[in-house]
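# Summary of the model geometry
Here is what each chain is made of, one letter per residue.
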Amino acid sequence: MGEPLLELRSATVDYRTANGLVPAVRGVDLRIDAGQTLGLAGESGCGKSTLAMAVLRLLPRNAAIGGEILLGGENVTDMSWGRLRAVRWAEASVVFQGAMHALNPVRRVGDQIAEPIRLHGKGSVERVDHRVGELLEQVGLPARRARAYPHELSGGQRQRVMIAMALACSPGLIIADEPTTALDVMVQAQVLTLLSRLVDELDIGLLMISHDLSVLASTCQRLAVMYAGRIVEQGKAVDVLREPRHPYTKALAAAFPTIGDASSRLSPRGLAGDPPDPSDLPGGCPFHPRCPSVLPECSGTDVLLRPVSEDRTSACLLEVEP
Amino acid sequence: MTQGESTLLRADDVSVRFGAARAVDGVELDIRAGEIIALVGESGCGKTTLARTLLGLQQPTSGRVLYEGKPLPTGTRGLREYRRHAQLILQDPTGALNPRHSVYEAVAEGLRIHRVPGDERELVASALSRAGLRPPERFFGLVPHELSGGQRQRVVIAGALALDPSVLIADEPVASLDASVRGEILALLLRLRDDLGLAALVVTHDLGLAWNIADRVAVMYLGRIVESGPVEQVLTAPSHPYTKALLSVLPESEGPATVLAGETPDPSRVPTGCRFHPRCPLLAAGLPDSVADRCRTVDLPIVDGASPGVACHAVEVATAR
């Protein structure tokens, strides 16, 4: 299928702060082809949102991107502002978390969906209105809801509006940053079903970010798990969830129990300690202070991602190459 | 079953109205000593209002709350005394802690308000270690921003434990925490129950949490409990179509998902008959006319707060056969 939709080669992001450079993303390689879905899992501070926002350079000014971020073969880091504006919405768009804050409270949602279409100069007022109605129907809302203000919509409906906005300029790639956090289970199911259907029907690529492995595995074909600014495991989503190889993935997978699984009944499982501070990462494998299977060598060896079985990579000393 | 001897806290036909909205609409719920109950439901179902009512933070419009068999006091002093026994843990520990107060101050505050006798330093240290912050002295001088999210929630829990309560009411205690930290905080609640006999009502939308720590679960929909019983029974063999739908949409669920359309209706416009009937997949799939008529017109009896129960006309008919 030729050019990948998105390709990251040794991508890094550092934040310049008063206390020096803080590495948020420390060398990530990723690839998404047209119609492919990739879930990026990890906890707060692991760099997953920074990584996703780096794709469209939606980062604060003190962020410095290194390596290559290729969107349709073109390096995002080299783009002029004009080119970047053209690429945003039209080639890739973002569904942000917390639709309540991402939408403008004093503008009708129809106008907000129309904004990217107008920015990209696509047609007359009537044609734009028609397209807005079409988009709303695509996300399961009646076209007349275009006249509603965000506060007149429920949380789930607002998230649908965010998705409609992301689809407005028919991008090839959608980046969804925790699209269902803060939604109830039933509404979460509605939004995930919608996203999966759209990705399927429109043959778009999806990069979805969440801390919940099972949510990602239910929506995405592939799964990458991030810890301390790096990917520590990657593979087919279902396999990674069912048979995690990296001890951190194992802990994440066990954090949300499967109902009916006797081993997790009255036995919640977590990890001692807390995710590390990116400005003060432990030496060696950054996971070693919390790792239940730690070896003496782990504090001195920084392990990079390597293949551990067919279509699976993991960054752990315990895993030997097949 | 009426009030058993071990019933610590009891909601007795509690209703709370805000204008036309029936936030809580007739709830019976018993919390026994040393028991963890999960109260689950979607936002707007009334679970937080019910929790606030159990704490005496909200007056019921009708019905009453009983602690150790006696109605909750209404005066300020009486309520203050009651809140020593029933402590609240909120979802967001960052909001619950004063950013300028040290860990020591945060835990000692409750002791001072309630004029708890004894050596304050010792009481604070003991509460911190019971909450898993050891050695406690190391945390005394720290302020919230020097702590991780999990440690902050432990400080909030220590503040509650310092008063030696008999029941904790926790509103989404792990919803704002990282996945790996979540298990640690849940394990702490479970350990407090095992070691100190501390009962807890955990308000949550997370059925996995109920599976992880609760003995019983009560499922709430639009102001009422629609199904309750032991966790194993309700979560692995649910009876109510709403409970079934909630379980079916969990990402790890095996069978086909029953995604209900729409969202929980407005509590100021509770549907007639069974309040779930406009969204009920059983009714939509077709029930015998005699049952379907009851679903649309006949309100269901209130589920008993102590023994397992289901509020559903279709289930009633099926069990009667």
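Structure shown above.
Since we're looking at a predicted model, the values are computed, not measured. (Residues numbered from 1 in each chain as written. Chains lettered and ligands numbered in written order. Predicted model: local features only at pLDDT ≥ 70, side-chain atom pairs only at ≥ 80, totals over all residues.)

### Structural notes on helix α5 (residues 125-138) of chain A
All names here are of chain A. Its 14 residues place the ends of α5 20 Å apart at the C-alpha level, agreeing with the 20 Å of an ideal helix rising 1.5 Å per residue. Looking at α5, one finds that the buried residues are Val132, Leu135 and Leu136. Viewed end-on, α5 has its buried residues packed into an arc of 100°, placing them on one side of the element. Those residues of α5 that are exposed and angled more than 90 degrees off the buried face are Glu126, Arg127 and Glu134. Where α5 is buried, its residues touch α4 (109-119) and α6 (155-167). (Helix = DSSP H or I, 4+ residues; strand = E, 2+ residues; numbered from the N terminus. Expected span 1.5 Å × (residues − 1). Buried ≥ 20, exposed ≤ 12 C-beta atoms within 10 Å, placed from the backbone. Arc of directions from axis to C-beta. Contact = placed C-beta atoms within 7 Å.)

### Topic: the pairing of strand β4 (residues 62-67) of chain B
Residue and element names in this part refer to chain B. Where strand β1 (residues 7-18) and β4 come together, 5 bridges link them in antiparallel fashion. Of the residues in β4, the one forming a bridge with arginine 10 is leucine 66. Pairing of β4 with strand β5 (residues 70-71) involves 2 bridges; the strand directions are antiparallel. Looking at the pairing, tyrosine 67 lines up with lysine 70 of β5. Taking the residues that link successive antiparallel strands as the turn, the β4-β5 hairpin has 2 residues, and the phi of glutamate 68 there is positive, at about 50°. (Pairing = 2+ DSSP bridges.)

### As for the interface of chain B and chain A
Contacts between the two partners involve 32 residues from chain B and, on the opposite side, 35 residues from chain A. Secondary-structure elements contributing two or more residues to the side of chain B that touches chain A are α7 (179-196), α8 (207-213), α9 (231-236) and α10 (241-248) of chain B. Here the side of chain B that touches chain A takes 9 residues from α7 of chain B, the largest share from any one element. Considered class by class, the residues forming the side of chain B that touches chain A number 17 nonpolar, 9 polar and 6 charged. (Nonpolar A, V, L, I, M, F, W, Y, C, P; charged D, E, K, R; others polar.)

### Some thoughts on the packing of helix α4 (residues 103-113) of chain B against helix α5 (residues 120-130) of chain B
Residues and elements named next belong to chain B. One way to put it is that α4 packs onto α5 with a least axis distance of 10 Å and a crossing angle of 115°. Between α4 and α5, the interaxial angle falls into the category roughly perpendicular. Seen along the crossing, α4 lies across α5 with a hand that is right-handed. Taken together, the residues of α5 that come into contact with α4 (itself represented by Tyr104, Val107, Ala108 and Leu111) are Glu120, Leu123, Val124, Ala127 and Leu128. Each residue belonging to the contact of α4 with α5 can be placed in one class, and the counts come to 8 nonpolar, no polar and 1 charged. (Axes fitted to C-alpha atoms, helices over the stretch in contact; angles between N-to-C directions. Parallel < 35°, antiparallel > 145°, perpendicular 65-115°, else oblique. Left-handed = near helix turned anticlockwise from the far one by under 90°.)

### Things to note about the nonpolar core
Counting residues in hydrophobic clusters, the biggest one holds 197 residues, and the most contacted among them are Val107 and Leu201 of chain B. When sequence neighbours within four positions are dropped, the list of residues in contact with leucine 201 of chain B reads Ile31, Ile37, Leu39, Ala51, Leu54, Val167 and Ile169 of chain B. (Core = buried A, V, L, I, M, F, W, Y, C linked by C-beta atoms within 7 Å.)

### Points about the sheet that holds strand β1 (residues 6-17) of chain A
Residue and element names in this part refer to chain A. Read across the open sheet, the 4 strands follow the order β2-β1-β4-β5; overall the sheet is antiparallel. The sheet is open, and its two borders are formed by β2 (20-32) and β5 (74-75), each paired with just one other strand. Taken together, the 8 bridges between β1 and strand β4 (residues 63-71) define a ladder with antiparallel strand orientation. Among the inter-strand pairings, valine 13 is bridged to a residue of β4, identified as isoleucine 65.

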